[in-house]
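# Architecture and fold: a report
Each chain is listed here by its residues.
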Amino acid sequence: MAAATAMRFGQLSSGSDMAPDWTTKEVSTGTTIMAVEYDGGVVIGADSRTTTGAYIANRVTDKLTPIHDRIFCCRSGSAADTQAIADVVTYQLGFHSIELDEAPLVQTAANLFKASCYRYREELMAGIIVAGWDKRRGGQVYTVPVGGMLVRQPVSVGGSGSTYIYGYMDSNYKPNMTKDQCLRLVSGALSLAMERDGSSGGVVRLAAISETGVDRQVILGNQLPKWSTIYLTIYPTVCLKDWRSTLLSKGLEIYPTVCLKDWRYTLLSV
Amino acid sequence: MEIDFMDSQIKGVSTGTTILAVTFNGGVIIGSDSRASIGGYYVSSKTINKLIQVHDRIFCCIAGSLADAQAVTKAAKFQISFHSIQMESPPLVKAAASVLKELCYNNKEELQAGFITAGWDRKKGPQVYTVALGGMLLSQPFTIGGSGSTYIYGYADAKYKPDMSREECLQFATNALALAMGRDNVSGGVAHLVVITEEGVEHVVIPGDKLPKFHDE
């Protein structure tokens, strides 16, 4: 008991409680990123939230960074570290591609990421998924987590929000899916992770990379797939005159003490 | 250094386990894995039963330090049976959950255990209550807990629907446990499931080789 009280006291007197997070915490892409291979290409996706502690520094971040025409990387971890590594690899890969006089392999890009992440592993905090299409092996996904390992996987998730969707991904991924099935899997998984992880949120950014090119899309918050644990959502098409019957049909009781001005907020917070 | 990666030690101070409880049409299913580990390095028991019966139609399962949990459930079991004798009727699930909550809240400094209580009573039918680490009591249609639960939040959110049938609910609970046990190294062994309905209590044990397999196995 005494030890616990002493610990609490220590926390009260520490200075960092007074200053807001964004003056002391590093900018981090606490995030959810995902990539899936299909026959003919890859689908990659990410959320769009960058945080400095509890402050959302950027709510529309683009974490899908092009490294070459048909090679992208998904970044998670420290925003500064991953941007710096991506810049270095973009330069190295561009140079290599000019020397080779043909499009680079995804495996080459992944190895360049691994080389930087492993050599400077003590200084860096970066988890990267490299995905793309090349002529030799088609669509490929390589994951380079913190520490600098490199492994090819048919489907990979990363970032702080990824822990919540391992079960969903394991049960819903099947080999040889089509591009549309992959898009649905990625957007579904990302929206579930964004619901549960405080460091992930915003919009879902998707990209489908294949021989013909890169097809990017954005799914806004209100267009994301909805799940049954979200019991009540407010649709602007509900006629306000029928609000009583709408509430009753959702199984809510109406108490005359509810202030009608706040009816939206009241419904959402139920 | 940001440490917001897959670190189950920081996510919640729960020792290795996956537990869940789900209501369905007419009853509730409470389930857990069967592994007890020391520090994630040594499996001290492969077949421990984490589902503790506190009364005829009320079970609870524990997340956290097993020692704390056993002590608390022993005290709770006594208090609930005493209460039930005094009232001359089976206890409400909410009463059982409240007893656990009181014990957790009043001893919050010393304890490191969270509980899921599930059961059936005449007043409200099947119910699930969570008692979190600091002593918060929450009623939910379904809940998951333990270190393995982080991996199945997405799956549970996507697949749960209200008013499932008994078979659908069994399938949901089994799949969720199998997925969590597949990803969490401190959850494993067999899947224990208890189905509680008005008629009675049925204990289903699914050994490791009979658990559902997924695409990479």
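Residues numbered from 1 in each chain as written. Chains lettered and ligands numbered in written order. Predicted model: local features only at pLDDT ≥ 70, side-chain atom pairs only at ≥ 80, totals over all residues. Heavy atoms only, no water.

Within an unreviewed UniProt entry, the label attached to chain B reads Proteasome subunit beta, and the organism entered is Oncorhynchus kisutch. Per UniProt, chain B has the following entry under Subunit (unreviewed entry): "Component of the proteasome complex." The record in UniProt for chain B states the following under Catalytic activity (unreviewed entry): "Cleavage of peptide bonds with very broad specificity." (UniProt positions renumbered as here; feature names shortened; annotations may be inferred.)

Per an unreviewed UniProt entry, chain A goes by Proteasome subunit beta and derives from Oncorhynchus kisutch.

In this section: the pairing of strand β11 (residues 191-197) of chain B. All names here are of chain B. Buried residues dominate β11, accounting for seven of its seven residues. Going residue by residue along β11, you find Ala191, Leu193, Val195 and Thr197 tucked away on one face and His192, Val194 and Ile196 tucked away on the opposite face as well. The hairpin formed by β11 and strand β12 (residues 201-206) contains three residues between the paired strands. (Buried < 20%, exposed > 50% of the residue type's maximum accessible area, 1.4 Å probe, protein only. Helix = DSSP H or I, 4+ residues; strand = E, 2+ residues; numbered from the N terminus. Pairing = 2+ DSSP bridges.)

Let's shift gears to the sheet that holds strand β11 (residues 155-158) of chain A. Residue and element names in this part refer to chain A. Across the sheet, which stays open at both edges, the five strands sit in the order β11-β2-β3-β12-β13 with antiparallel pairing between neighbours. Among the strands making up the open sheet, the edge pair consists of β11 and β13 (213-219). Pairs of neighbouring strands in the sheet enclose a mean axial angle of 10°, with direction left out of account. Against the sheet, helix α6 (residues 179-196) touches β2 (33-38), β3 (41-46), β12 (204-210) and β13, its axis set at about 165° to β2. (Axes fitted to C-alpha atoms, helices over the stretch in contact; angles between N-to-C directions. Contact = heavy atoms within 4.5 Å.)

The next subject is the confidence of the model for chain A. Residue and element names in this part refer to chain A. Chain-level pLDDT for chain A is 85 on average; 80% of the residues reach the 70-or-more range. Contacts from residues 1-15, a stretch scored under 50 in pLDDT, to residues over four places away or in other chains number five contacts. With pLDDT under 50 throughout, residues 231-238 is counted as low confidence; its partners more than four residues away or in other chains account for 13 contacts. (pLDDT = per-residue confidence, 0-100.)

Residue and element names in this part refer to chain B. In the numbering used here, UniProt assigns the feature "active site" (unreviewed entry) to Thr17. Summarising the element assignment, threonine 17 is placed in the loop between α1 (8-11) and β1 (19-24). Ignoring sequence-local partners within four residues, the contact set of threonine 17 consists of Asp33, Lys50, Ile62, Ala63, Gly145, Gly146, Ser147, Gly148, Asp184, Val186 and Ser187. Only 2.8 Å separates the side chain of threonine 17 from the side chain of lysine 50, close enough to count as a polar contact. (Polar contact = N/O pair within 3.5 Å; in protein donor to acceptor, adjacent residues only side chain to side chain.)

Residue and element names in this part refer to chain A. Counted by the stated rule, this structure contains one cavity of 30 Å³ or more. Within this model, the largest cavity holds a volume of roughly 50 Å³. In terms of lining, the largest cavity is formed by Ile85, Cys117, Arg121, Leu124, Met125, Ala126, Val146, Gly147 and Gly148. In terms of residue class, the lining of the largest cavity is built from six nonpolar, two polar and one charged. (1 Å grid on protein atoms, 1.4 Å probe; cavity = no way out; pocket = protein on both sides within 12 Å on 5 of 7 lines; lining within 4 Å. Points joined across faces, edges and corners; volume = space filled by probe spheres on them. Nonpolar A, V, L, I, M, F, W, Y, C, P; charged D, E, K, R; others polar.)

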